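Structural features, examined
Each chain is listed here by its residues.
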Amino acid sequence: MAGRSQKHASRTDKGTLAKIYTIQTPRVRHRCFPGKLKAVLSHIARQVGRRPLVTSGHRSNGRRGSYHRKCLAADIRIPGISVKRIIAAARSAPAIGGIGTYCNGIVHVDVGPKRRWHHCGGLARLTKRARLAAR
């Protein structure tokens, strides 16, 4: 009997999660998100009136120390909502740690220590390398 209750509770939890955020593709690993991160995503959804679209959750590769590797981070976007508005909502989330932005409009949120950054990789990085090499 206890097994049935747990299965039902877990189904309910998954149903609730679907109301907090959506995932970009079935390959996005999100089921390990802790309550704090779910609360951040829920807070953002309430503030902007739309569910965040999680483009990246847990991943085993990436840079050392990444909160994605610990399943404590999500990269999100919210179609139709400006990056500034998403950031403002994230900043007011009680358990927010890191907030990062990328040139492609993706916003990173995590429940690690408080920090902020903006990163434009790819072409911008190559351009910087080319300038350094030209010196």
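See the structure printed just above.
This text gives an overview of the structure that appears in the document. (Residues numbered from 1 in each chain as written. Predicted model: local features only at pLDDT ≥ 70, side-chain atom pairs only at ≥ 80, totals over all residues. Heavy atoms only, no water.)

By size, the foremost hydrophobic cluster in this structure holds 25 residues, and its most contacted members are Phe33, Leu41, Ile44, Val54, Ile76 and Val109. Elements with a minimum of two residues in this core: α2 (35-48), β3 (73-77), α3 (83-91) and β5 (107-110). If one sorts the elements of this core by residue count, α2 sits on top with five residues. The residues contacting Val109, other than those within four sequence positions of it, are Leu37, Val40, Leu41, Ile44, Leu72, Ala73, Ala74, Ala90, Ile96 and Gly98. (Core = buried A, V, L, I, M, F, W, Y, C linked by side-chain atoms within 4.5 Å. Buried < 20%, exposed > 50% of the residue type's maximum accessible area, 1.4 Å probe, protein only. Helix = DSSP H or I, 4+ residues; strand = E, 2+ residues; numbered from the N terminus. Contact = heavy atoms within 4.5 Å.)

Moving on, we come to the state of the cysteines. Summed over all chains, the structure comprises two disulfides. Paired through a disulfide, Cys32 and Cys71 show a sulfur-sulfur distance of 1.8 Å. Judged by the torsion about the S-S bond (85°), the Cys32/Cys71 disulfide is right-handed. Of this pair, Cys32 sits in the loop between β1 (22-23) and α2 while Cys71 sits in the loop between β2 (53-56) and β3; the two residues are 39 residues apart in sequence, bridging distant segments of the chain. Its relative accessible area of 4% is what places Cys71 among the buried residues. Between the sulfur atoms of Cys103 and its disulfide partner Cys120 the distance amounts to 1.4 Å. An S-S torsion of about 75° defines the bridge between Cys103 and Cys120 as right-handed. Highlighted residues: Cys103 in the loop between β4 (98-102) and β5 and Cys120 in the loop between β6 (115-119) and α4 (123-134), separated in sequence by 17 residues. On the accessibility criterion, Cys103 (51% relative accessible area) is exposed. (Disulfide = S-S within 2.5 Å.)

So, on to the packing of α2 against α3. Contact geometry for α2 and α3: axes closest at 9 Å, N-to-C directions at 125°. In terms of their interaxial angle, α2 and α3 are classed as oblique. Considering how the two elements wind past one another, α2 and α3 form a crossing that is right-handed. Contacts between α2 and α3 involve His43, Ile44, Gln47 and Val48 on the former and, on the latter, Arg85, Ala89 and Ala90. For the contact of α2 with α3, the per-class residue count stands at four nonpolar, two polar and one charged. (Axes fitted to C-alpha atoms, helices over the stretch in contact; angles between N-to-C directions. Parallel < 35°, antiparallel > 145°, perpendicular 65-115°, else oblique. Left-handed = near helix turned anticlockwise from the far one by under 90°. Nonpolar A, V, L, I, M, F, W, Y, C, P; charged D, E, K, R; others polar.)

The next point concerns the pattern of salt bridges. Enumeration over the complete set of coordinates arrives at two salt bridges. Put simply, Arg59 and Asp75 hold a salt bridge, and the shortest N to O gap is 3.7 Å. A residue pair is termed long-range when its members are at least 10 positions apart, and Arg59 in the loop between β2 and β3 and Asp75 in strand β3 qualify at 16 residues. By relative accessible area, which is 28% here, Arg59 ends up partly exposed. With its nearest N and O atoms 2.6 Å apart, the salt bridge here joins Asp110 to Arg115. Taking the relative accessible area as the measure of exposure, Asp110 reaches 0% and is therefore buried. (Salt bridge = Lys/Arg side-chain N within 4 Å of Asp/Glu carboxyl O.)

Everything listed is a geometric property; what it means functionally is a separate question.
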